[in-house]
Amino acid sequence: MSSVTWGVYWFRTKEPERAVACWCAAFPHGCRWSRYYYGKALYQGRGIAKNRFWALRQWRLLSGHPSSVGRLARHALYLYATEITD
């Protein structure tokens, strides 16, 4: 299984900090999904200190990508960035 898959597994358990470690390990390999889920953990404050600004930054980095992760990041930006500015 990939680091992203393990990260999703750990994120759903009572040990979400292990998920963050898995996703961070996948960053140097260019895994875009790990960056998306890392942003999700940052936004929710699960397994890592809550930092909504940095979460939005992670998603903004992905938003220009033409794949499904780019569409999901754009959707997250739309949902959460409007929530913060309202």
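Not measured: the values here are computed from a predicted model.

1. Describing the overall build of the chain
Next, step 1: Looking only at helices and strands, the chain has five helices and zero strands in total.
Next, step 2: Ordered by position in the sequence, the α and β elements of the chain form the string α-α-α-α-α.
Next, step 3: Structurally, the chain occupies a C-alpha span of about 35 × 25 × 20 Å along its principal axes.
Next, step 4: The buried share among the 86 residues of the chain stands at 34%.
Next, step 5: Accessible surface, the chain: about 5,300 Å² in total, of which carbon and sulfur atoms supply 56%.
Next, step 6: Placing the 13 positive and 4 negative side-chain charges of the chain at their respective mean positions leaves the two points 9 Å apart.

2. Description of the packing of helix 1 (residues 3-11) against helix 2 (residues 16-26)
Think of two packed helices as two axes; the pair is described by the angle between the axes and how far apart they sit.
Next, step 1: Running from amino to carboxyl end, helix 1 crosses helix 2 at an angle of 165 degrees, the nearest separation of the two axes being 7 Å. For the element pair helix 1 / helix 2, the angle class is roughly antiparallel. When the axes of helix 1 and helix 2 are compared, the crossing they make is left-handed. Along its contact with helix 1, which presents Ser 3, Val 4, Trp 6, Gly 7, Val 8, Trp 10 and Phe 11, the element helix 2 presents Pro 16, Arg 18, Ala 19, Cys 22, Trp 23 and Ala 26.
Next, step 2: Residues belonging to the contact of helix 1 with helix 2 are distributed by class as follows: 10 nonpolar, two polar and one charged.

3. A word on the pattern of salt bridges
Charged atoms that come close allow side chains of opposite charge to pair.
Next, step 1: Throughout the structure, instances matching the rule amount to one salt bridge.
Next, step 2: Between Arg 18 and Glu 15 there is a salt bridge; the shortest N-O distance is 3.6 Å.
Next, step 3: On the basis of relative accessible area, Arg 18 is assigned to the partly exposed category, the value being 40%.
Next, step 4: According to the relative accessible area criterion, Glu 15 is partly exposed, its value standing at 33%.

What counts and how
- Residues numbered from 1 in each chain as written.
- Predicted model: local features only at pLDDT ≥ 70, side-chain atom pairs only at ≥ 80, totals over all residues.
- Heavy atoms only, no water.
- Helix = DSSP H or I, 4+ residues; strand = E, 2+ residues; numbered from the N terminus.
- Buried < 20%, exposed > 50% of the residue type's maximum accessible area, 1.4 Å probe, protein only.
- Areas by Shrake-Rupley, 256 points an atom, 1.4 Å probe, with all protein chains shown as cover.
- Lys, Arg positive; Asp, Glu negative; His and termini not counted.
- Charge placed at Lys NZ, Arg CZ, Asp CG, Glu CD.
- Axes fitted to C-alpha atoms, helices over the stretch in contact; angles between N-to-C directions.
- Parallel < 35°, antiparallel > 145°, perpendicular 65-115°, else oblique.
- Left-handed = near helix turned anticlockwise from the far one by under 90°.
- Contact = heavy atoms within 4.5 Å.
- Nonpolar A, V, L, I, M, F, W, Y, C, P; charged D, E, K, R; others polar.
- Salt bridge = Lys/Arg side-chain N within 4 Å of Asp/Glu carboxyl O.

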